[in-house]
Protein chains: 2
Amino acid sequence: MSGLAIYRTRIAPEWLDYNGHVRDAYYGLIASYASDSLMDRIGLDARYREQSGCTLYTVEMHTHYLREISANDSVEVRVRVLGADRKRIHAALELVCDGSPETAATCEVMLLHVCQTPTVHTAPFPEEVVAAIAELQRTSTALPASGPGSRRMELISR
Amino acid sequence: MSGLAIYRTRIAPEWLDYNGHVRDAYYGLIASYASDSLMDRIGLDARYREQSGCTLYTVEMHTHYLREISANDSVEVRVRVLGADRKRIHAALELVCDGSPETAATCEVMLLHVCQTPTVHTAPFPEEVVAAIAELQRTSTALPASGPGSRRMELISR
């Protein structure tokens, strides 16, 4: 196990491209839904968002596409919290297809806590959210990555 | 102008999330459609794909989300070719909303030329595609970036 299982989905037909595989952007949609699940897990759920006017914005996302995902696959997303501060979470998501030993994609995200009223501004997490993030980060530390992490992209001649 | 305008779209209602803005993954979908336009531009169009059994796979994508995109926005995508070799294209995409002086997102992609028959394998670009990519790269060299490029993601304390 390379992370906490946080989200699971089957493949919607409209996610397939002309190659018959999931289009690159829909790997990102699966990761995005997994980030929603992460929000629920740490106390930034719909009720919190309504009451506080605060939410998470994704400020950066770096994805490595390692394997094709097909129409009949079921995908599990696992998360590790790589870092956090008062306002931000740096998380690694891994997409794994049921029955496959290999990771289909790795996806690092940087999430920023933002309050939208009266105007959009960053804000510190509530205490109990800080504790929940810290707990996830503690359990993540021992878990290995199952694919490449973020790096500066460049074309190195082969 | 920070790149060649390659794709343009309005915002589909289903791209909006609970914040009323375009969900992170749909920035990626806009970038993905722009990559399709890039394929058309350099001769890897639908006819080529059908006849050759070859296409481009996205192997890596790194996005910076700089501004919210809203329901009524129209988005233009501009491309610069940062590098290329016999089988790969490293491109920078920029998403810009009409009427806004600021880039909404930057998105670097690494695209790999793959033939799907008889089994999936990488393959060199045809000569005329190499020439088209080289031409785009030449015109890209002088164009400045309008936002951050790919880098190793990390949480640096503020």
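Residues numbered from 1 in each chain as written. Chains lettered and ligands numbered in written order. Predicted model: local features only at pLDDT ≥ 70, side-chain atom pairs only at ≥ 80, totals over all residues. Heavy atoms only, no water.

1. Topic: the overall build of chain A
The secondary structure content of chain A amounts to three helices and six strands. Each helix and strand of chain A, ordered N terminal to C terminal, gives the series β-α-α-β-β-β-β-β-α. Relative to its length of 158 residues, chain A is compact, with a C-alpha radius of gyration of 16 Å against a globular reference of 15 Å. By its C-alpha atoms, chain A is 45 × 35 × 30 Å across when sized along the principal axes. When burial is assessed residue by residue, chain A has 56% of its 158 residues classed as buried. Considering chain A, the positive charge centre built from 16 side chains and the negative charge centre built from 20 side chains are found 3 Å apart. (Helix = DSSP H or I, 4+ residues; strand = E, 2+ residues; numbered from the N terminus. Rg over C-alpha atoms; globule rule 2.2 N^0.38 Å. Buried < 20%, exposed > 50% of the residue type's maximum accessible area, 1.4 Å probe, protein only. Lys, Arg positive; Asp, Glu negative; His and termini not counted. Charge placed at Lys NZ, Arg CZ, Asp CG, Glu CD.)

2. Overview of the confidence of the model for chain A
With 98% of its residues at a pLDDT of at least 70, chain A reaches an overall mean of 95. In the predicted complex, the global pTM is 0.96; the interface-specific ipTM is 0.95. (pLDDT = per-residue confidence, 0-100.)

3. Some points on the interface of chain A and chain B
If you look at the interface, chain A gives 46 residues, while chain B gives 45 residues. Buried area between chain A and chain B, summed over both chains or domains, comes out near 3,900 Å², and the portion from carbon and sulfur atoms is 49%. The largest contributions to the chain A side of the interface with chain B come from E60(A), M153(A) and L155(A), which together make up 19% of the buried area. Taken together, chain A and chain B are joined by four salt bridges. Where R23(B) meets D36(A), a salt bridge forms, and the shortest distance between an N and an O atom there is 3.0 Å. (Contact = heavy atoms within 4.5 Å. Buried area = accessible area lost by both parts, 1.4 Å probe. Salt bridge = Lys/Arg side-chain N within 4 Å of Asp/Glu carboxyl O.)

4. Concerning the nonpolar core
Ranked by size, the top nonpolar core spans 86 residues in total, and within it I69(A), I89(A), I69(B) and I89(B) carry the most contacts. When sequence neighbours within four positions are dropped, the list of residues in contact with I89(A) reads I42(A), L56(A), V81(A), G83(A), A84(A), V109(A), M110(A), L111(A), F125(A) and I133(A). (Core = buried A, V, L, I, M, F, W, Y, C linked by side-chain atoms within 4.5 Å.)

5. A short note on the relation of the copies chain A and chain B
Laying chain A over chain B is done by rotating through 180° and shifting 0.0 Å along the axis; what remains is an RMSD of 0.0 Å. Taken together, these values place the two copies in the relation of a two-fold axis. Within chain A, the C-alpha atom positioned nearest to the axis of rotation is that of H62(A), 2.1 Å from it. Interface overlap between copies: 98% of the residues of chain A at the interface are likewise at the interface in chain B, consistent with a symmetric, same-surface contact. (Least-squares fit on C-alpha atoms with pLDDT ≥ 70 in both.)

6. Thoughts on unusual backbone geometry
Along the chain, T117(A) connects to P118(A) via a cis peptide bond; the corresponding omega equals -5°. Looking at the element boundaries, P118(A) is found in the loop between β5 (103–115) and β6 (121–122).

7. Some thoughts on the pairing of strand β4 (residues 88–97) of chain B
Residue and element names in this part refer to chain B. Within β4, 10 of the 10 residues are buried, which leaves it mostly tucked inside the rest of the structure. Side chains of β4 alternate between two faces, with R88, H90, A92, E94 and V96 and I89, A91, L93, L95 and C97 buried alike. Here strand β3 (residues 74–84) runs beside β4; their pairing, made up of nine bridges, is antiparallel. Bridge pairing in β4 links R80 to A92. As defined by bridge partners, β4 adjoins strand β5 (residues 103–115) across nine bridges and the pair is classed as antiparallel. Bridging across to β5, L95 finds its partner in A105. As consecutive antiparallel partners, β4 and β5 are separated by five residues, and within that stretch G99 has a phi angle of approximately 85°, a positive value. (Pairing = 2+ DSSP bridges.)

8. So, the pattern of salt bridges
Any two side chains of opposite charge can pair if their charged atoms end up close together. For the structure shown, the criterion picks out 20 salt bridges over all chains. Taken together, the salt bridges that share partners define one network made up of R8(A), E76(A), R78(A) and D98(A).

9. A closer look at the environment of M153(B)
By the secondary structure assignment, M153(B) is in the segment after α3 (127–141). The buried category is assigned to M153(B), whose relative accessible area is 2%. The spacing of M153(B) and L16(B) is 137 residues in sequence and 26 Å in space, taken between C-alpha atoms. Once you skip the residues sitting within four places of it in the chain, M153(B) turns out to touch E60(A), M61(A), H62(A), H90(A), E108(A), V109(A), M110(A), S150(A) and H62(B).

10. Brief notes about α3(B)
Residue and element names in this part refer to chain B. With 15 residues, α3 extends 21 Å from end C-alpha to end C-alpha; this agrees with the ideal 21 Å at 1.5 Å per step. Within the span of α3, buried status applies to V129, I133, L136 and S140. All buried residues of α3 lie within an arc of 60° about the axis, which places them on one face of the element. The exposed residues of α3 that point more than 90 degrees off its buried face are E127, E128, R138 and T141. Against β1 (4–10), α1 (24–41), β3 and β4 lie the buried residues of α3. (Expected span 1.5 Å × (residues − 1). Arc of directions from axis to C-beta.)

11. Considering the packing of aromatic side chains
Counting across every chain of the model gives six aromatic pairs over all chains. Ring centres of Y27(A) and Y65(A) lie 5.0 Å apart, and the angle between their planes is 80°; on these two criteria the pair is classed as edge-to-face. Of this pair, Y27(A) sits in helix α1 (residues 24–41) while Y65(A) sits in strand β2 (residues 54–65), placing them 38 residues apart in sequence. Ring centres of W15(B) and Y26(B) lie 6.0 Å apart, and the angle between their planes is 15°; this geometry places the pair in the stacked category. With W15(B) in the loop between β1 and α1 and Y26(B) in helix α1, this pair connects stretches of sequence that are 11 residues apart. W15(B) gets classed as buried once you look at its relative accessible area, which sits at 7%. Over the aromatic face of Y18(B) sits the side chain of R49(A), whose NZ or CZ is 4.0 Å from the ring centroid. (Phe/Tyr/Trp six-rings, centres within 6.5 Å; stacked < 30°, edge-to-face > 60°. Lys NZ or Arg CZ within 6 Å of the ring centre and 35° of its normal.)

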